[in-house]
Amino acid sequence: MNAAVRAVTRMGIYVGAKVFLICEGYEGLVEGGEHIKQANWLSVSNIIQLGGTVIGSARCKAFTTREGRRAAAYNLVQRGITNLCVIGGDGSLTGANIFRSEWGSLLAELVKEGKISENTAQTYSHLNIAGLVGSIDNDFCGTDMTIGTDSALHRIMEVIDAITTTAQSHQRTFVLEVMGRHCGYLALVSALASGADWLFIPEAPPEDGWENFMCERLGVTRSRGSRLNIIIIAEGAMDRHGKPITSKYVKDLVVQRLGFDTRVTVLGHVQRGGTPSAFDRVLSSKMGMEAVMALLEATPDTPACVVSLSGNQSVRLPLMECVQMTKEVQKAMDEKRFDEAIQLRGRSFENNWNIYKLLAHQKVSKEKTSFSLAILNVGAPAAGMNAAVRSAVRCAICQGHTVYVVHDGFEGLANGQVQEVGWHDVAGWLGRGGSMLGTKRTLPKSYMEKIVENIRTYNIHALLVIGGFEAYEGVLQLVEARGHYEELCIVMCVIPATISNNVPGTDFSLGSDTAVNAAMESCDRIKQSASGTKRRVFVVETMGGYCGYLATVTGIAVGADAAYVFEDPFNIQDLKANVEHMTEKMKTEIQRGLVLRCGPPGTRPRPLSLQGGAPTPFDRNYGTKLGMKAMLWMSEKLQMVYRKGRVFANTPDSACVIGLKKKAVAFSPVTELKKDTDFEHRMPREQWWLNLRLMLKMLAHYRISMADYVSGELEHVTRSTLSIETGF
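Note that the coordinates shown come from a computational prediction; the quantities given were computed from them, not determined experimentally.

Let us look at the sheet that holds strand S17 (residues 536–541). Sheet strands associate in pairs through backbone hydrogen bonding, adopting either a parallel or an antiparallel arrangement. The sheet built from 3 strands is open, its strands ordered S17-S19-S18 with parallel pairing. At either margin of the open sheet sits one strand with a lone partner, and together these are S17 and strand S18 (562–564). Averaged over all adjacent pairs, the angle separating strand axes in this sheet is 20°, with direction ignored. Across 6 bridges, S17 lies against strand S19 (residues 592–597) in parallel orientation. Within S19, the position partnered with Val-539 by the bridge is Val-595.

Pasting the structure below:
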């Protein structure tokens, strides 16, 4: 929430509006006085890394009454406030819409009571509302993610990772209860990211007799050598008859039937606290800026809107349509239409549920196919590689294929480091950092003859390459060599996995989220150390080569003063302006500065290393999804190119990069991506994230022309007044 408060405040000031902060939510709105404070640029300095909300939040019974809303209207009119940005859940946003719909009649009552004049009522005759959804449950329809959800998942995964080590040591079963009274998103995604053995969520109550099925599966898992079991329960879980399923009941069941040493961990409000993740900070900043623009462009006929996330874009949606859709989910659950409830949660929720069901327990393939597939990692290690390998292996086994893994990249394929794997060989890989298969930067052109020989020896029909720019370039070399080697006429797919996020064909590469969080945590510590010693500026070097994605996104997440990158040229005048900004900043109470830099290799000291560490929840789930989708695509392609007892694939669309483009997963032929690639600098010619550069600069300091942000006249913005309120 603090990142959103900061973004709305600074964007509002930037466009010339007066900005007020309302403390303690609607309670502060009703009581007025010192609860409503005008903000300046420095009011929101150094808050982006703080959890919770610095302006407070509280439930307010008074605001549910007309008298309370009338008092709130009076307090706003007294300060000339006509735009309200509300950050909260569906209850807070619904209350804001009611307030807006009653605004005219509330002012009429204040005129009748003699508290305001008729002229004042006409001057402030309309109230604009923009909502930002702050909810760790991710239970609001219309947005891919709500503010706080990713941070809550970080807290959950930290606990699961810690529990896993003790559970393996003592051969224990852990029952973990997470928040989610009406929505199972946190439980579902954490189960997917941890490979939990069993999952209970409100949207999908288990079938009758689930106790027998669960205990049987836990017993089978242990008999195959597993030393632990993880069971995740959403607090609102229940059976098909509406009877609650509690963590204590599940624990007693496991102990009585299986005799396993079992422990219960209830996370509770731990999930709400802690430092916000990089994803949440950037999300909130984007949404906050968009909310200000929505308020400035609103007219009396514009319905109250909520700013949502769609893919990597901020969008505005009618507030009450989203609220109504959210209520439809609960209605479907109350009426036991559970399949429909899962669909109403959205495609992402439904996909997560289907993937979890497929990968959690081994499925016996109906029939064994004649296809053999090989999986390898290429390039530098990146978090999430192991999650992608695990899901690809298990999905291929479900399809009936023979699966090989290759150690040490293309060099390993040339040297015959090929091994057949089964379902349980990849157990426990989800939370592991680095590359369990080993990875090298070597390209295939140096070993082409040997690679072709081993593809023939192992009868490999498809190749899944998980890695960075070298993986993309390597597959391109294999495709271009098809004219010389018929053995290379096989199906190939690249899963982009690199902290630099520089692979063409995708907006996000696997591992970049973990790297941004690692860089952010280091910068947070640097800022904390600088708070005790005044008048210091820290310059932080990040990895990324010529691609400035890491430096830019980290800069937004930590509130850096500047981030210098190759793609955004700067001159001596730009440097001079930034130094002047820093000089002015040192005259205030914020006497410290933070600058990030990412430059070409060999032009800098050794940068902050970001390749290690456990994957974030985002990268674990992203890797899991990409691995599964890539394998399903390869299976489909194999069926299409299988003719007369052999595989022959030589069309451009038989060798692709799988990637996320805006909101959809797309497969782009490597030969078509070649023209869009800058091979000298190892990155795409066009990069979507460059649009974030202006946000970084605007929120750092306001020495930028508004014309850089939007076109057209904005003279009216200097007359706007904006207030921010956070809901419980």
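Right, picking up where we left off after that structure.
This paragraph deals with the packing of helix H4 (residues 90–112) against helix H11 (residues 319–334). Their axes nearest at 10 Å, the elements H4 and H11 cross at an angle of 140°. Put simply, H4 runs oblique to H11. Considering how the two elements wind past one another, H4 and H11 form a crossing that is left-handed. On the side of H4, the interface is formed by Asp-90, Leu-93, Thr-94 and Asn-97, while H11 contributes Leu-319, Met-320, Val-323 and Thr-326.

Time to look at the nonpolar core. If you look at the biggest cluster of nonpolar residues, it comprises 142 residues, and the most contacted ones within it are Leu-132, Ile-232 and Leu-464. If you tally residues by element for this core, the top one is helix H10 (residues 278–297), at 11 residues. Excluding residues within four positions of it along the chain, Leu-464 makes contact with Ala-374, Ile-375, Leu-376, Ala-392, Cys-493, Ile-495, Ala-630, Met-631 and Met-634. Core analysis: the second largest hydrophobic core is formed by 34 residues, Ala-374, Phe-410, Val-670 and Leu-673 among them.

Attention now goes to the packing of H10 against helix H18 (residues 512–531). Two elements in contact, H10 and H18, have axes whose closest approach is 9 Å; the angle formed by their N-to-C orientations is 90°. The angle between H10 and H18 places the two elements in the roughly perpendicular class. For the pair formed by H10 and H18, the contact residues are Ala-278, Phe-279 and Arg-281 on the first element and Asp-513, Val-516, Asn-517, Met-520 and Asp-524 on the second. For the contact of H10 with H18, the residue count by class is 4 nonpolar, 1 polar and 3 charged.

Summed over all chains, the structure comprises 32 salt bridges. One salt bridge in this structure joins Glu-102 and Arg-66, with 3.5 Å as the shortest N-O distance. Of this pair, Glu-102 sits in helix H4 while Arg-66 sits in helix H3 (residues 66–78), and the two are 36 residues apart along the sequence. We classify Glu-102 as buried; its relative accessible area is 16%. What makes Arg-66 partly exposed here is its relative accessible area of 26%. Salt bridges linked by common partners bring Arg-66, Arg-69, Arg-70, Glu-102, Glu-109, Glu-113 and Lys-115 together as one network.

The residue Lys-336 is not glycine, and still its phi comes out positive at about 60°. Summarising the element assignment, Lys-336 is placed in the loop between H11 and helix H12 (338–344). Given a relative accessible area of 47%, Lys-336 falls into the partly exposed group. With a phi angle near 65°, Asp-408 is a residue other than glycine that sits in the positive phi range. Looking at the element boundaries, Asp-408 is found in the loop between strand S12 (402–406) and helix H15 (409–414). Look at Asp-408 and you get partly exposed, because its relative accessible area is 23%.

Rules of the game
- Residues numbered from 1 in each chain as written.
- Predicted model: local features only at pLDDT ≥ 70, side-chain atom pairs only at ≥ 80, totals over all residues.
- Heavy atoms only, no water.
- Pairing = 2+ DSSP bridges.
- Helix = DSSP H or I, 4+ residues; strand = E, 2+ residues; numbered from the N terminus.
- Axes fitted to C-alpha atoms, helices over the stretch in contact; angles between N-to-C directions.
- Parallel < 35°, antiparallel > 145°, perpendicular 65-115°, else oblique.
- Left-handed = near helix turned anticlockwise from the far one by under 90°.
- Contact = heavy atoms within 4.5 Å.
- Core = buried A, V, L, I, M, F, W, Y, C linked by side-chain atoms within 4.5 Å.
- Buried < 20%, exposed > 50% of the residue type's maximum accessible area, 1.4 Å probe, protein only.
- Nonpolar A, V, L, I, M, F, W, Y, C, P; charged D, E, K, R; others polar.
- Salt bridge = Lys/Arg side-chain N within 4 Å of Asp/Glu carboxyl O.

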